[in-house]
Amino acid sequence: MHQFNVFTRWRPLSTDNEQVTTPEIKREHKKHDNSNISMSIAPPITERQLPWKSKAAFTQIFEASDNNKAIFDAVVAPTLPQVLAGQTCNFFAYGHSGSGKSHTIIGYDFDNSSEFGLCLSAARELSETLEKLNADNCDASSRLGIGLRMYELRKNTAFDLLNNHCKCHVREGYDGQTHIRGETEVLEGGRVRVRPIATKACWSFDDFRKELLEGLKLRATGTSTVHDQSSRTHAVLELEIVTRALLDAREAVIERQSELVPVAKCATDIYIEENVKGLIQTPEGKLVPNPDYQIDQASIDAAEAKKAEFELSVQRAENHVNEALKSCRHSCLSGKLVFVDLAGSEYCHDKTAPSSPGPKQTPQEQQEARQINTDLLALKEVIRARVSNQSRIPFRSSPLTMVLRGHFLGNDDTKGSSSAMILTVSPVSEHFAATMNTLKYGNLVGVAGGDRKKIIR
């Protein structure tokens, strides 16, 4: 069961003198019987468009006077009990460049608690709760903390913001799950280690804030159709409730896997070598058994036996992870909050785009903008398929949706997950086309979510 709510947040007018005199978009909203809200907006006189009205798709609409704390209290705070029950809750900020997505998710004032971004406010609340749960816990290995992962997605590649912007690859494994892995490390003895996205253990709120600020320094910006310091990547921030025992168990799996690689390669090499020697090619080009060579089956069996021994070691390490999860006396372990600051949607080739030329984009930045739009379209289709309970969900449509697959599905089928999207929109008339496109996107997502809620009831 997956619940999806859609919120709208109007950003305040810019203090820039040119925009102060710009008329605002005329807008109205109405609450319906199902408690959801519909919105209508009217185009400025210069726009050759008809007024547009949404369906009852929005859970709540925030005005420019609402600060980040108000957003957190209404959107994130109600989901914290779910996270403390081990569930996964996702939050997306969607809107055109300059509409306030990063301000909402991450924030810019890291000292004023009322202006903390949703991520930082959530970490503070979680830290306070976990501190209370840890009050009677003397075992350091079972102390609860927040594991922070931060990475950004650009085209088909992920970059680890907590590991020197390390380039990572998005791959689907044999288990059907999506894995984000860094570059392959070759160690002594032929061992090969491939680390996942780094997890920074934060045992206090101050630890978390420090790690967050360090990661944000590495986030990429570029030129959009609105301004020259736009976020041109999708930033994903994962907050997971962890213990030292759980993190150590996961690290042990990585080490056991690295030990398995050279042994498995050796077994494969022996098998191939023996079977190649055991065949010859006839003049007609057919492969037949070589009468002059007897395959050394004992060597193959010995190599396979050693491989099986190391595979068993990996399996034991993976079982230890499950044991670490089950042995914790708190059900909150592995509960997650996932915040996604989506790159700004672009409509640079749309005839209804704002007339303002904005900063000029390079061909590479235009290509990135097209990829961003492709990702956002794929995300919309995944959300619609997920909340309407379709049998096939197109997670493979883009790297973004592949990465988010595990978060949408939750930690396991019994715990489930929930999601919310915050549409950030500008009241400035010259951004009417971009604002309308954002609201249309949210309308499609919200309507699907509303239909799903009716099914649940």
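A brief report on the enclosed structure follows. (Residues numbered from 1 in each chain as written. Predicted model: local features only at pLDDT ≥ 70, side-chain atom pairs only at ≥ 80, totals over all residues. Heavy atoms only, no water.)

## Side note on the overall build of the protein
Right, so step 1: Summing up its helical and strand segments, the protein has 11 helices and 20 strands in all.
Right, so step 2: Within the span of the protein, comprising 457 residues, buried residues form 47% of the whole.
Right, so step 3: Restricting the contact set of the protein to residue pairs at least 6 apart, pairs at least 24 apart contribute 70%.
Right, so step 4: Accessible surface computed for the protein: about 22500 Å², of which carbon and sulfur atoms make up 50%. (Helix = DSSP H or I, 4+ residues; strand = E, 2+ residues; numbered from the N terminus. Buried < 20%, exposed > 50% of the residue type's maximum accessible area, 1.4 Å probe, protein only. Contact = heavy atoms within 4.5 Å. Areas by Shrake-Rupley, 256 points an atom, 1.4 Å probe, with all protein chains shown as cover.)

## Overview of the side chain of Arg149
Right, so step 1: Examined against the element boundaries, Arg149 turns out to sit in strand β7 (residues 144-154).
Right, so step 2: Of the residues examined, Arg149 reaches a relative accessible area of 9% and is grouped as buried.
Right, so step 3: A distance of 3.0 Å separates polar atoms of two side chains, one belonging to Arg149 and the other to Thr199.
Right, so step 4: A distance of 3.0 Å separates the side chain of Arg149 from the side chain of Glu240, its partner in a polar contact.
Right, so step 5: In this view, Arg149 contacts Leu162, Ile197, Ala198, Thr199, Val236, Leu237, Glu238, Glu240, Arg250 and Lys336; residues no more than four positions away in its chain are not counted. (Polar contact = N/O pair within 3.5 Å; in protein donor to acceptor, adjacent residues only side chain to side chain.)

## Re the packing of aromatic side chains
Right, so step 1: Under the counting rule described, the total for this entry stands at 5 aromatic pairs.
Right, so step 2: Aromatic side chains Phe91 and Phe339 sit 5.3 Å apart centroid to centroid with 20° between the ring planes, which places their arrangement in the stacked category. Highlighted residues: Phe91 in strand β6 (residues 88-94) and Phe339 in strand β19 (residues 336-341), separated in sequence by 248 residues. Here Phe91 matches Phe339 in class, with each residue buried.
Right, so step 3: Between the aromatic rings of Tyr94 and Tyr441, the centroid separation amounts to 3.9 Å while the plane-to-plane angle is 15°, which identifies the pairing as stacked. Here Tyr441 lies in helix α11 (residues 432-456) and Tyr94 lies in strand β6, a separation of 347 residues in the sequence. Each member of the pair Tyr94 and Tyr441 is classed as buried.
Right, so step 4: The ring of Trp10 carries the charged tip of Arg27 above its face, separated from the ring centre by 4.0 Å. (Phe/Tyr/Trp six-rings, centres within 6.5 Å; stacked < 30°, edge-to-face > 60°. Lys NZ or Arg CZ within 6 Å of the ring centre and 35° of its normal.)

In short, shape yes, function no, at least from these values alone.
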